[in-house]
Amino acid sequence: MCEANLSRRRLVASLATGGAGVALAGAAAARSGAPQSGAQFYDPTPIPVVDGKAALGPDAALNLLRQGNAAFLEGRTPRLALGADRRLELAQGQAPFVAYVSCSDSRVPPELLFGRGLGELFIIRNAGNTVDTVAMGSIEFAVAVLGVPLVVVMGHEACGAVKAAMDVVESNARFPGAIGDMIEPIIPAVLEARGAAGDKTEAAIKANVSRTVRRLRTASDPIMLEPQRAGRVKVVGAYYSLSSGNVEFFDLP
């Protein structure tokens, strides 16, 4: 009983701490009523569609994400088609321009970070942005069937799943239910990041992203390999700062 209570306390500490300061600071700013600088509307670049698929190259798709995040940082609000006409259009089919692997964390909403609307981002989310069989199948579907030119794997500041994996490595922590199984794939990244310079949590989060990117780049199935070799698809990593709102994209050698 004591061990179970201890595990729950560790779980709460791992999954909830680290972002509390960010949340409190944001709440204080909201209560102050201070206006956000540069608040204005803009029209996101439309996505060209040919034969039911996004007609963009990998670099063009990545540039759209960069542009959207820059607008998010400036406090600009996108004008998005969210009405009945757009919903009816999408009921006939979708043409997203990126498959986005992201953490389930409620503070990490990809559509808002990049100012994109319905049917534009094919998002795969789970705690710790890991890629299991279900996630891999989803990515392969996005590449092979939907024709996305870009796959992004994004970690984020103060990731509770990575912190929990660090607790396993550093203090042999155990967690109730299926949580331990969920964070198990992150443990190799934590081990890889040990001894890295700088903040150890940030290093583990980025190592977790890098390992997944390498896995997708070297997947044995031709579904992923062939379009990458042909230059039709690119796989990149990203890191989202909760405190600044900035998304840092990084390519790997």
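Anything mentioned here points back to the structure above.
Throughout what follows, the structure given in this document is the object of discussion. (Residues numbered from 1 in each chain as written. Predicted model: local features only at pLDDT ≥ 70, side-chain atom pairs only at ≥ 80, totals over all residues. Heavy atoms only, no water.)

## Some points on the packing of helix H6 (residues 133–144) against helix H11 (residues 222–229)
Here is step 1 of the chain: Where H6 meets H11, the axes come as close as 9 Å, and the angle between the chain directions of the two elements is 45°. Relative to H11, the element H6 lies oblique. Where H6 crosses over H11, the handedness of that crossing is left-handed. For the pair formed by H6 and H11, the contact residues are Ile139, Glu140, Val143 and Ala144 on the first element and Ile223, Met224 and Pro227 on the second.
Here is step 2 of the chain: Of the residues that constitute the contact of H6 with H11, the class distribution is 6 nonpolar, no polar and 1 charged. (Axes fitted to C-alpha atoms, helices over the stretch in contact; angles between N-to-C directions. Helix = DSSP H or I, 4+ residues; strand = E, 2+ residues; numbered from the N terminus. Parallel < 35°, antiparallel > 145°, perpendicular 65-115°, else oblique. Left-handed = near helix turned anticlockwise from the far one by under 90°. Contact = heavy atoms within 4.5 Å. Nonpolar A, V, L, I, M, F, W, Y, C, P; charged D, E, K, R; others polar.)

## Considerations on the layout of surface pockets
Here is step 1 of the chain: Volume-wise, the second largest pocket comes out at about 390 Å³.
Here is step 2 of the chain: Taken together, 22 residues line the second largest pocket, and the ones lying closest to its centre are Pro46, Ile47, Arg86, Leu118 and Glu120.
Here is step 3 of the chain: Among the elements that take part in the lining of the second largest pocket, helix H4 (residues 84–91) stands out by supplying 3 residues, more than any other.
Here is step 4 of the chain: The residue inventory of the lining of the second largest pocket, partitioned by class, reads 11 nonpolar, 6 polar and 5 charged. (1 Å grid on protein atoms, 1.4 Å probe; cavity = no way out; pocket = protein on both sides within 12 Å on 5 of 7 lines; lining within 4 Å. Points joined across faces, edges and corners; volume = space filled by probe spheres on them.)

## Description of the sheet that holds strand S6 (residues 121–125)
Here is step 1 of the chain: Taken in spatial order, the 5 strands line up as S6-S5-S7-S8-S9 in an open sheet, and their pairing is mixed. Strands with a single pairing partner mark the edges of an open sheet, and in this sheet they are S6 and strand S9 (247–250). Each strand axis lies, on average, 25° off the axis of its neighbour in the sheet, ignoring direction.
Here is step 2 of the chain: This element, helix H10 (residues 200–217), spans strand S7 (150–156), strand S8 (234–240) and S9 of the sheet and lies at about 165° to S8. (Pairing = 2+ DSSP bridges.)

## A closer look at the packing of helix H7 (residues 160–171) against H10
Here is step 1 of the chain: Running from N to C, H7 and H10 cross one another at 110°; their axes reach a closest spacing of 10 Å. Judged by the inter-axis angle, H7 sits roughly perpendicular to H10. Along its contact with H7, which presents Val162, Lys163, Met166 and Glu170, the element H10 presents Lys200, Thr201, Ala204, Ile205 and Asn208.
Here is step 2 of the chain: Within the contact of H7 with H10, the residues separate by chemical class into 4 nonpolar, 2 polar and 3 charged.

## What about the environment of phenylalanine 249?
Here is step 1 of the chain: Tracing the chain through its elements places phenylalanine 249 in strand S9.
Here is step 2 of the chain: Remark: the alpha-carbon pair of phenylalanine 249 and arginine 66, spanning 183 residues in sequence, is separated by 8.5 Å.
Here is step 3 of the chain: Non-local contacts of phenylalanine 249, meaning those with residues more than four positions away in its chain, are made with Leu62, Leu65, Arg66, Tyr100, Phe114, Val152, Val236, Gly237 and Ala238.

## Quick word on the nonpolar core
Here is step 1 of the chain: Ala99, Ile124, Ile139, Val151, Val162, Leu216 and Met224 are the most contacted members of the largest nonpolar core, which has 42 residues in total.
Here is step 2 of the chain: When contributions to this core are tallied by element, the ones reaching two or more residues are strand S5 (98–102), S6, H6, S7, H7, helix H9 (187–193), H10 and S8.
Here is step 3 of the chain: Top element by residues in this core is H10. It accounts for 7 residues.
Here is step 4 of the chain: Residues Ala61, Leu65, Phe114 and Leu121 belong to the second largest nonpolar core, which totals 24 residues. (Core = buried A, V, L, I, M, F, W, Y, C linked by side-chain atoms within 4.5 Å. Buried < 20%, exposed > 50% of the residue type's maximum accessible area, 1.4 Å probe, protein only.)

## Quick look at the packing of aromatic side chains
Here is step 1 of the chain: One pass over the full model with this rule turns up 3 aromatic pairs.
Here is step 2 of the chain: The side chain of arginine 76 reaches across the aromatic face of tyrosine 42, ending 4.9 Å from its centre. (Phe/Tyr/Trp six-rings, centres within 6.5 Å; stacked < 30°, edge-to-face > 60°. Lys NZ or Arg CZ within 6 Å of the ring centre and 35° of its normal.)

## Let's talk about the pattern of salt bridges
Here is step 1 of the chain: Summed over the entire model, instances satisfying the criterion amount to 10 salt bridges.
Here is step 2 of the chain: Taking the shortest distance from any N to any O, the salt bridge between arginine 76 and glutamate 74 comes out at 2.8 Å.
Here is step 3 of the chain: Judged by its relative accessible area of 41%, glutamate 74 is partly exposed.
Here is step 4 of the chain: Between arginine 107 and aspartate 105 there is a salt bridge, with the nearest N and O atoms lying 2.7 Å from each other.
Here is step 5 of the chain: Taking the relative accessible area as the measure of exposure, arginine 107 reaches 28% and is therefore partly exposed.
Here is step 6 of the chain: Overall, aspartate 105 belongs to the buried group, its relative accessible area being 14%.
Here is step 7 of the chain: Each of Glu202, Lys206 and Glu248 takes part in one network of salt bridges that share partners. (Salt bridge = Lys/Arg side-chain N within 4 Å of Asp/Glu carboxyl O.)

## Considerations on H11
Here is step 1 of the chain: When H11 is considered as a whole, its buried residues turn out to be Met224, Leu225, Pro227 and Gln228.
Here is step 2 of the chain: Those residues of H11 that are buried are in contact with H6, H10 and S8.
Here is step 3 of the chain: Note on H11: the residue one or two positions beyond its end, glycine 231, has a positive phi of about 80°.

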